[in-house]
Amino acid sequence: MSMSTQNENPAAASRPTPPELVAEGLELGYGDRQVVRELSLRVPTGRVTAIIGPNGCGKSTLLRGFSRLLRPSAGTVTLGGRPIGSFGAREFARTVGLLPQQPVAPDGITVADLVSRGRYPHQGLFSRASAQDDAAVAWALEATRTGELAERPVAELSGGQRQRVWIAMALAQQTDVLLLDEPTTYLDLAHQVEVLDLVVELNREHGTTVVMVLHELNLAARAADHLVAMKDGRIEVAGAPEEVLTEEHLARVFGLDARVLRAEEGGGPVVVPRRRPPRPAPEAERPAPGSEDAAPGAPAS
């Protein structure tokens, strides 16, 4: 379903092409534990990329490396040909936005105040919000259908409402590159589809490069132009959804026995896990030959 709104995005004026995000020989980890290993990836500029893979494969760690939250132990990440470490904090935040997996809101903050924090990179140290800032916040609230929550404390919201408010804050930041770590967490299926449709709409209308971590394979295939499947800290396969979501790749990456169908109306691949055959009953539970539990009509011993 469409998430278009009456108010146009105040950043809708044509932007230059977003800077290219590239990882080369990237290694990331925590202390002595290496998670991402010798990973190289050129993120398609101006497209929607979804990173998929089993739990613990390094998806969120890779996103943390892209966002400068985690310093590489080897390799490089560049943005527009520049190492991301060479950017000033505000300069980087004006170009790359991040919605982490479990963001924490300050105590007592309202929805409107939280979303307005997405505008901080665009403001001077002591400057007040401008009309452009107000317009960006209003657009983000409307786009995520959270305007009616604007005056409520974030702590009083449901998990799904909070997630939509965090997405609104990321949208208000109006960056060329948007990194989303499991943006559909806590959302029911209808709201998952709405949020991903909004992300796709943002990309189509404004050319925003989107990189997001998703667990639901069918939603990833529906929303993304490009899939990156990871396993054990490395990229196993990358490409268009129909190239990545094959029965062979699902078995190799996820250990999943599934059929891959084609959605109607020219849609992408649809993953349908096969049913496991019923396990035979343990020997102790099987009736002994000639017992009273034997097949009906069998004579008792």
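Residues numbered from 1 in each chain as written. Predicted model: local features only at pLDDT ≥ 70, side-chain atom pairs only at ≥ 80, totals over all residues. Heavy atoms only, no water.

Turning next to helix α9 (residues 247-254). All of the buried residues along α9 are H249, L250 and V253. Projected down its long axis, α9 carries its buried residues within an arc of 100°, all on one side. On its buried face, α9 is in contact with α7 (217-223), β9 (226-231), β10 (234-239), α8 (241-244), β11 (258-262) and β12 (269-273). Looking one or two places after α9, you find G255, whose phi comes out positive at around 65°. (Buried < 20%, exposed > 50% of the residue type's maximum accessible area, 1.4 Å probe, protein only. Helix = DSSP H or I, 4+ residues; strand = E, 2+ residues; numbered from the N terminus. Arc of directions from axis to C-beta. Contact = heavy atoms within 4.5 Å.)

Strands sit in the order β6-β7-β8-β3-β9-β10 across an open sheet of six strands; the sheet is mixed. Of all the strands in the sheet, the pair left with one neighbour each is β6 (96-99) and β10. Strand-to-strand twist across the sheet, computed as the mean angle between neighbouring axes with direction ignored, equals 15°. With four bridges joining them, strand β3 (residues 48-52) and β9 adopt parallel strand pairing. Bridge pairing in β9 links A50 to L227. Of the strands in this sheet, β3, β7 (177-181), β8 (209-213) and β9 touch helix α1 (residues 59-66), which is tilted by about 150° from β7. On the sheet, helix α6 (residues 189-206) packs against β3, β7 and β8 and is oriented at approximately 155° with respect to β8. (Pairing = 2+ DSSP bridges. Axes fitted to C-alpha atoms, helices over the stretch in contact; angles between N-to-C directions.)

The next subject is the side chain of D225. Structurally, the position occupied by D225 is in the loop between α7 and β9. A polar contact of 3.5 Å, which involves the side chain of D225, links it to the side chain of R47. Reaching out from D225, the side chain makes a polar contact with the side chain of R204 at a distance of 3.0 Å. Not counting residues within four places of it along the chain, the set of residues in contact with D225 comprises R47, V48, N203, R204, G239, A240 and P241. (Polar contact = N/O pair within 3.5 Å; in protein donor to acceptor, adjacent residues only side chain to side chain.)

We now examine the confidence of the model for the protein chain. A low pLDDT score tells you not to read the predicted coordinates there in detail. Per-chain confidence: the protein chain averages 87 in pLDDT, with 86% of residues scoring 70 or above. With pLDDT under 50 throughout, residues 1-6 is counted as low confidence; its partners more than four residues away or in other chains account for 19 contacts. (pLDDT = per-residue confidence, 0-100.)

Below, the discussion takes up unusual backbone geometry. The phi angle at Q174 is positive, at roughly 50°, despite the residue not being glycine. Along the chain, Q174 turns up in the loop between α5 (159-172) and β7. Judged by relative accessible area, Q174 falls into the buried class, the value being 10%. The phi dihedral of Y186 is positive, around 75°, even though this residue is not glycine. With respect to the helices and strands, the residue Y186 is situated in the loop between β7 and α6.

Here helix α4 (residues 131-143) crosses α5 at 145°, and the two axes come no closer than 8 Å. When the axes of α4 and α5 are compared, the crossing they make is right-handed. Contact with α4, carried on its side by A136, V137, W139 and A140, involves A168, L171 and A172 of α5 and no other residues of that element. In terms of residue class, the contact of α4 with α5 is made up of seven nonpolar, no polar and no charged. (Left-handed = near helix turned anticlockwise from the far one by under 90°. Nonpolar A, V, L, I, M, F, W, Y, C, P; charged D, E, K, R; others polar.)

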